[in-house]
Structure formats: C-alpha cells, structure tokens
Amino acid sequence: MNCDFILTTCPFCGCGCNLYLQVLDNQVTGIIPCKTDPISEGKLCIKGRHAHEFIHHADRLRTPLIRQGGRFRKASWAKALDVVSQRLSSIKRDFGPNAVAFLSSAKCTNEENFALMKFARTVIGTNNIDHCARLCHASTVTGLMSAFGSGAMTNSIPEIENADCIFVIGSNTIEQHPLIGARIVKAKEKGAKLIVADPRRTALVSYADVYLQIKPGTDVCLLNGFMNTLLQAGLIDNRFITERTEGFEAFRKKIEEYTPERVRKLAGINKNELQKAALAYGKAERATIIYAMGVTQHTTGTDNVRSCANLALLTGNVGRESTGVNPLRGQNNVQGACDMGALPNFYSGYQSVEDKAARGKFEGKWNTELPSQPGLTEVEMTDAAFEGSIKAMYIVGENPMLSEPFVGRVREALEALDFLVVQDVFLSETAKLADVVLPAASFAEKEGTFTNTDRRVLRVRKAIETVGESRPDWVIISQLAQRMGSDQFDYNSAPDIMMEISALTPIYGGISHERLDIGESLAWPCPRPDHLGTKFLHQGTFTRGKGCFTPVDYIEPAEMPDEEFPFILTTGRLMFHFHTGTITRRIPILDSEVSSGFVEVNPQDAQRLGIGQRSKVVVASRRGQIEVSASVTDRVPSGVVFIPFHFAECVANVLTAANLDPEAKIPELKVCAVNIKRRRKNA
Amino acid sequence: MDTNSETKKVGAVLVLGGGIGGIQASLDLAESGFLVYLVESSPAIGGIMAQLDKTFPTNDCSMCILAPKLVEAGRHLNIELITNAEVEEVSGEAGRFRVKIVRKPRYIDLEKCTGCGLCAQTELPPESELKETEGEIWVDRIMIDESKCIQCGDCVQACIEENKERQGLANIAFQRRQFLWLPPEEREGRAPETLMQTIALMDVASRNDFWQRELSKCIKCYGCRDVCPICICDECDLESADWIAPGQIPPDFPLFHLIRAYHVADSCVGCGACEATCPMNIPLLSIHNWVHRQDPQKLFELVPGLDPKTRRKLIDNVKRTPIAKRKVRV
C-alpha cells in the first residue's frame, strides 16, 4: 500500500488555493486544505474540497477517438496523431496557415498554453490563437493596458483584508471567488466600508454598507456620476493627478456632464445612495475596486474597465498596499493563459506580434519566420468558420458550445469546419462535434504551473499516473509538432518549457520550477532569479509611465428590451458549478446542490405572467429559445431575469447575442433582450 | 575531553512538544543518560494520539500504546515535564543551548491548592471529578483555560467556600470574580473580552442575532463536517433537503449548523479543526464550547422535543421557513 500527499493547486476559480491530494495506490481519494498557503490559509470552498472526484470518473476519455461514418471509434495514439497531422498539413497547404485556428485553455498549465501558442505560430504559422479570456476579461487587458500599462490585478489577494473601503462592482465574489469573498467579509468586520454595485442582489449584498442596484449595462454612467460626486465634494488626490497621470482636463469635462440627476435617470440610482457610496470611497485612506464579469462582458466592456481605472487614478488609489483596481479572473489559469500569449495579438508576456523587436527575438529563438498580422479572436473565429474562411480548428479544453454567445450559430460554424480536433478530459458538447478527440490528462496527472488572479505562479504537481491512455496536453502538442516535422518541441518535461518561457518572457524571467518547489511564492513581474516577485503593481511609476485618464461616454447596451422582448437577460455562474459544468456536474455533491438550470424572475413579473415557483417557462430571444424552470426571487429586480450558463440541457447562451466590444472583441453576455412565457401544456 | 567551561557540552536535552513523538524521544534520551526537559504548550502531555481511538494503519488501540509511555515519562527521574509553557528564545550553539521558556499562567497556586476539585465541579460534569491516585490527589490538571473562561467566578466562589484558609485559586483568578456583574464602564480597561465572554454578556435576543448573523455567513462548503475527526456518518443530515434547501447562498435557515453541533456534542474533542477550516471564519468552536458547557435551553431558549409547547414552537419555526417541503407530522 502506497500513501502520499501531493501539494498542488485547485483547478477551479482564479483564487488559486493550494491543497493536498491524498493518494492511495495511484487513486486520488481525498483533499486536505493547506494551512501554510497564503491564499487559502487552510480553508476551501465546496468545489475545492471535492475537486478530486472527477479524476477517476467513468466518463473520462481514456483513448483517442476518430469519427468514422458519423460515429466515434477508438483509435491508437499513433493513428490519431497521424490523422491530425495529415489533415492539418493538407489544410495548411491548400488554404494557407490562416485557415487553421486554435483555442487554448485556461484550465491547462502555463507550459501547455505556451506550447500550443508556439505550435500555432511556428508549426502552422498563424496568429489565430485565442482562449476563453476573450469571453471574460479581454476588456480588462485592453482597458487596464491603456490606463496603467498592465492588464492584471494590481494588488494581491491577502491585501484586501486591510482595505478601508472596498468597492465591488459586477462581481458575485462570495459565490465565484469564495476565498476572496471571505476576505472582503473579514475586511468588513475589521471596519472597512463595503459598496456593492450589481443589478442582482448577490450574497455579498447582505454585508454591504451601500448597495447600488444599477440597471444592467449602465456601469459607465454610474462610475462617471460617482466620480462627478467626488469631484464636487473635493475628494480627489490633486497631487497624484499632477504627478503621476495625464489627460485629466479632457476627462474632467466629460465627467462633469454626469450629474446625479442623469445617473438617476439612466442607471436608476438616487442621489443619496450615490453620494453615500462616493463619500465612503473618497474618504477612505486605502480604497480598492474589485470587479469581474459584470463590468467586462459588455459591448462597452473596455469603457467600463477604463472607468474603474479612472476612479482609482482620480483618488490616487493605485500603487499602494490594499488599494488598486482588481479584476477577478474566473479560471484557475486564465491569467496564465493570457501571460503565455494564447492571444491573437501577443506573444508571452504581452509582447506584441506587431512589434518587430519582439518578433525578432521569438524568431531567433525558434529559428523560424513568424506571422506579423494579429490573428482572429474567439468569436471572430466562429464567424470566420461560419463564412468558410477557417477550415480547421484545434480546441484544447474549451467548450464553446456552451460558453460562446449565440450557440445556435456556433454549432453551425463548427459543423461547417472541414476538420475539428478537440482535446479534453471529458466528451464535452463541443467534443461531440469533433472529427478527432484526444484524451487529455487532468490536473492531478501532470506537472506544471498555474498563474492565479493576483499574478502568483503556483505549482501543479503530478499525483497519479495518467488515467487510461490520456496524456498531458503538452505531451500531445509536442508529439504532434514532431510528427509535423518541427524540431523545436523536444521537451522532456514541463520544467524544460518553463525554462524557455522565462528566457523569452521578461515578466516571468526569474520564475522556475526549482524556485517554486522550495516554497517561494512568486507573483510576476519577476524579472530575475533573485527577484522576490511583485506584491502590488505601479508603485512609484506606472508600467506605461504615467496613468492615463480616458474620457468615457455612456453607450447603451447593443440590444435593449422592446415590446416583443421586454426583459433584460443577464447570465452568470453559481457557487456550486463551474463554467460549462463538464467537470462539476460529474461531482455528486455539487450536482445534488444544484442539479439543473433555472431562470430567476422577480415576484412582480412572475405574478403578472402567471409564473409560479418551479413552473416550466420558455425563455426566448431573437436567436433561440430554451425551456427552463422558474425560480421566483427578489434577487433580481423587475424587468431583469438571470440564467446560469452551466447547464447543457438549458443553455443560456442559446439566447445571448454575439455583439462585440469594438476593441476587446468581448461579447455582451450580460445584456440581451428576451421574453418569457409559461410553457403551454401539450405545446 | 573538553574541559573549558565556555565550550563544554551540556548533558541535557530539551524536547519540544509532548505528543507521542516527543514522549518517545524523551524516553529514549533519558534512558541513554541525558537529562530531558520536555516542554509542551498544552496543560498536559499526550497530544493528538491521546484523542484518538485507533491508530492507522494497524488499527491498534491508541491509548494502549500511549498510556504506559505517559506514565513512564511522568515518573522518569531524568525527565522534567514543563507543561503549559512555550519556548520564547533559543541562543547558543549545538551542544550548549540556552532556552528561555515562558510558562503560561495557570491561575492556580499549586502550593495552596488542596485538590478538593470543587472549583472544577462548578462547570465540568460530575464524572470529571478529580481522582485520588496512590494517596495523592492529582491536581495537575486544574487550570483555567483562558480561551474558554467566561469569568463567571463560580470556581473562585467554590474555592473560598470550601477552603476558608488556603485558597488555591490565585489572586489573578480572584480578580476575575464577579466580572460579569461589573457595570460596562468598569469593564473597560480590563483584559479584552474573549469571544466566549462577549457571548456570555449578551442577552438572549442579541445572542440569537449574533448566531444568526455568524451562521448566515455559511457558504455551504461542508468543510466543518469534512475535516471533523469524529464525523463519520454515512448519511449526513446537513445535506438533507428537508431541513435546508440545496443550492442556496446564504442558507435560508442558518441555524441548521446546530444540527451538527448537538449531533457531535458528546464526542467533540475540541480540536478546533472546523473553525480553522471555515472559509467564512464562523466561530464554530465557540458553538461547540457552549454546547459542551450548557444545555440548549440556556443557550437557545429551547428544549427540543420535551414539552408539547416547545415542540410546537420548533415545528412552527420549521414551517415558517421555506425549507419544510415535506409535511411535518405533529
């Protein structure tokens, strides 16, 4: 009997809690929290405590599958890799490299994202690589890049505890980032003021000093009004503005247009509440802004993020401890996947593909010519596939059939492809459409690193041998690359890839598996092997030099309710499930907590429409309709309905629209117009 | 042989931690001729193993292995036990360390204490009455645990009444007496209140509010149950949809935590793992401490299932909350 405890990192949200896997004879039998971990401090949420239960699940993909005559047949690795390499080569030969597109995975390690990014750019020669950050925090990267010069959380998670005022906007923190939510509650108990702005009455609202129930999509209006109030009250940091920022005058004129009266009319927040919130934020010594998808998933996502940055600049709440603008990244490694350059316009470490010097560096190291045009983003890939300019897609650990907006069109697009490869741990809804399915190893079966939301690089360690014939993603990619004639992929282990990453990526320059293995907790930028990592960004000077104010105007969401579709649909997640539910719906305790989807309807609306608790309703938009049971609750205001997007039997994204933010190309998943009706019997 | 008194090695060893590992090390060292100082932070040696029933993986009786060693360590001439103490400072080099040890207050003057045990009886249940061992009364275990003391002063009262001349409870403890009856303005400036004291000072309504507020922080991770060393049931009432609607954050019936508190009341070892692992920092150990100490009537104004009136109250309460999906039989 062989018993072992392996320290690794939780595969769910961006908190990045360390935990121990209990291993008994090559079986993961349990999870023990890690008391010395600075993030979790020996605490975990329900998902973390049961994260091991999917590892040995009967549904795990155990062999490669190849579609033959409409059915999947088991195949050997040699056969499957041959098929993939031949098809990709022939499509590249016939239609050019840009006919192939890659979706990387925020569930995979940094090393794997780097390998896939390198594969797309060297072996195929295309910049068509993206991942699910496009659907969650693309606007954070564009917005904060232009304001500060770095598109990540400015401060670290433990600092939240010591803030004097916490402004949470568009984040259901307690449910989506429980360990960060707990820190907010702790800060509140220590005496911090808590302001929550959200259209939906989330669990955090019961702790709030001020709750601003805004209309969906009016964040810019609220924030501009907020800043106008601060300006009128004289609660701005003039010294900070003159010394460390630029563009203030133009910005000042813009926010003066947003009077409390206008905010009341557009966002539905009255003057008193607005003033109370603004004063609490403005008077605090250390005020921090925490935001998530409620801010980013809009056609005005970049504007929303810039407004958050403006607010922090206006009050001088950046570059100090327990302050900052803190986007909470959703996936365990979505920060890392962005850092590793699984993006159409950046190499690893946000080095632009259009920058000749950066491209030259990568070309020199990889000994090949690289494309200079930025590639397509995730939703654009779907469009291109739909129109036929993309012929093949290689999807690693993503499930766009549930997560992308306007799923009906996604299905048509994926079906229109000549060739689709999906690499995943389970046969997801997307994998069911694939030509070749490659079984990947789970987080417990491979070595690597994740980067959590506060930029901390965390080790993932191998606890058991791979399940069935599955292989770690980097192994699959390397073997495929070798089959396709590349000599740049002779990696023996994940640390080899990390060495290449740190050589090519200045912000990861000092990070290595050896350092992480002796227990160092490193947050990038960490440029040298003797650098101890950066707890908070922009101290003394901004990454881009000076902080940049951007005047931002309020623009309505792309699709507003009308007579035919009178309700605003906002989508989101639940405590007990994760994203497309591929993993969490296979964990018994999570499934027993919430086993299927629902639509939250305000009691007033429900009464008017004759909808009772748990009655079946049909929710329809211009793009499709779903059948789902109703949950009548005052958590949502009248005129707004909420549907979680985890559930394959009632896919919320059938309804959502693929309207994109012009800069970040993030779809507006938080606002679309729907109508809702009781399901007629026998209809 | 080195005879220089500056560099001469000392024939004494300090073992830090009086769990099974520390005890065994002390015994081995003592047998080899070293003088051993065994320092332990809790009031008694034995550690976690003393709380266990069986040991992994052989399933041996834990106490059968531990008890002879405890006795031996307690009696060994070469072992000096320093319990209820912490190491503050270590200086010197290998072979001749100087260690500064801080003994925590016991609040008992052991020279005066007669070992009558009446102080303990005021709070502990009768079966933990102190025992006489070989003609001597075992007084070593009497100690006021600061984290749990609510400063009611009953122990001091008992000591004064029984021992008119020699009062073993030392002055500090004596000062604690009647803390609860002091007016609030006089309480200020004294040692800060522990959570237990704060709760003790609340009236019933605000105590109820306190628990409602604390327990409604629950995010249903089931961590308290999962890490509990004595929670072993196959089926758990906490997951029962009859009591508490699944998938609700915060839970609409926060007091469902008391189901577990009373379920484990008689076997809780007070390890505090539940509180340590709670992501929302609910003071779960305090619930258990209270449940140990007092009956539910005193704590929550309720005696479940005793008289029809209270039973009615309980059922009404369950009916009022939306969790009662199934019909309650009355």
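In the block above lies the structure referred to throughout.
Residues numbered from 1 in each chain as written. Chains lettered and ligands numbered in written order. Predicted model: local features only at pLDDT ≥ 70, side-chain atom pairs only at ≥ 80, totals over all residues. Heavy atoms only, no water.

(A) Local environment of the overall build of chain B. For chain B, the helix and strand inventory stands at 14 helices and seven strands. Across the 330 residues of chain B, 34% fall into the buried class. Accessible surface, chain B as shown: approximately 19,800 Å² in total, 53% of it carbon and sulfur. (Helix = DSSP H or I, 4+ residues; strand = E, 2+ residues; numbered from the N terminus. Buried < 20%, exposed > 50% of the residue type's maximum accessible area, 1.4 Å probe, protein only. Areas by Shrake-Rupley, 256 points an atom, 1.4 Å probe, with all protein chains shown as cover.)

(B) Fine view of the interface of chain B and chain A. Taken together, the contact between chain B and chain A spans 25 residues of the former and 27 residues of the latter. Carbon and sulfur atoms make up 58% of the area that chain B and chain A hide from each other, which totals about 1,900 Å². Taken together, chain B and chain A are joined by two salt bridges. Of the charged contacts, one joins Lys220(B) and Glu593(A) as a salt bridge, the two residues approaching to 3.2 Å between their closest N and O atoms. Of all the secondary structure elements, the ones that give two or more residues to the side of chain B that touches chain A are helix 9 (223-227) and helix 11 (273-277) of chain B. (Contact = heavy atoms within 4.5 Å. Buried area = accessible area lost by both parts, 1.4 Å probe. Salt bridge = Lys/Arg side-chain N within 4 Å of Asp/Glu carboxyl O.)

(C) Representation of the side chain of Asp605(A). Residue and element names in this part refer to chain A. Relative to the helices and strands, Asp605 resides in helix 24 (residues 603-609). Using a relative accessible area of 1% as the deciding quantity, one classes Asp605 as buried. Residues within four places of Asp605 in sequence aside, it is in contact with Phe567, Pro637, Ser638, Gly639 and Val640.

(D) Here's a closer look at the sheet that holds strand 13 (residues 324-327) of chain A. All names here are of chain A. With parallel pairing, the five strands of this open sheet are ordered in space as 10-9-8-12-13. Among the strands making up the open sheet, the edge pair consists of strand 10 (210-212) and strand 13. Sheet twist, expressed as the average angle between the axes of neighbouring strands with direction ignored, equals 15°. The pairing of strand 12 (residues 287-291) with strand 13 spans four bridges and is classified as parallel. When the bridges of strand 13 are listed, Thr288 appears paired with Gly324. On the sheet, helix 7 (residues 178-189) packs against strand 8 (165-169), strand 9 (193-197) and strand 12 and is oriented at approximately 145° with respect to strand 8. (Pairing = 2+ DSSP bridges. Axes fitted to C-alpha atoms, helices over the stretch in contact; angles between N-to-C directions.)

(E) Expanded view of the environment of Val619(A). All names here are of chain A. On the secondary structure map, Val619 appears in strand 25 (residues 616-621). Given the relative accessible area of 1%, Val619 is considered buried. The spacing of Val619 and Val674 is 55 residues in sequence and 6.6 Å in space, taken between C-alpha atoms. Setting aside residues no more than four positions away along its own chain, Val619 makes contact with Val599, Gly624, Gln625, Ile626, Val628, Ile643, Leu655, Val674, Asn675 and Ile676.

(F) Seen up close, the pairing of strand 9 of chain A. Residues and elements named next belong to chain A. Here strand 9 lies mainly inside the structure; four of its five residues are buried. The pairing of strand 8 with strand 9 spans five bridges and is parallel. Across the sheet, Cys165 pairs through a bridge with Lys193, a residue of strand 9. The pairing of strand 9 with strand 10 spans three bridges and is parallel. What sits directly across from Ile195, in strand 10, is Val210.

(G) Local environment of helix 16 (residues 356-366) of chain A. All names here are of chain A. Those residues of helix 16 that fall on the buried side of the exposure criterion are Ala358, Arg359, Phe362 and Trp366. Relative to the axis of helix 16, the buried residues are bounded by an arc of 95° and lie together on one face. Every exposed residue of helix 16 that faces more than 90 degrees away from the buried side is listed here: Lys356, Ala357 and Gly364. On its buried face, helix 16 sits against helix 3 (110-124), strand 14 (346-347), strand 15 (351-352) and helix 21 (494-504). The backbone nitrogen of Ala357 has a side-chain oxygen 3.1 Å away, supplied by the residue at the start of helix 16, namely Asp355. Within two residues after helix 16, Asn367 carries a phi angle of roughly 60°, on the positive side. (Arc of directions from axis to C-beta. Polar contact = N/O pair within 3.5 Å; in protein donor to acceptor, adjacent residues only side chain to side chain.)

(H) Representation of the pattern of salt bridges within the structure. Residue and element names in this part refer to chain A. Taken as a whole, this structure holds 49 salt bridges over all chains when the rule is applied. The shortest N-O distance in the salt bridge between Glu559 and Arg622 comes to 3.2 Å. Linking Glu559 in the loop between strand 22 (547-548) and strand 23 (567-572) with Arg622 in the loop between strand 25 and strand 26 (624-632), this pair joins segments that are 63 residues apart in sequence. Exposure remark for Glu559: the relative accessible area of 9% places this residue in the buried category.

The values reported here are purely geometric and, on their own, carry no functional implication.
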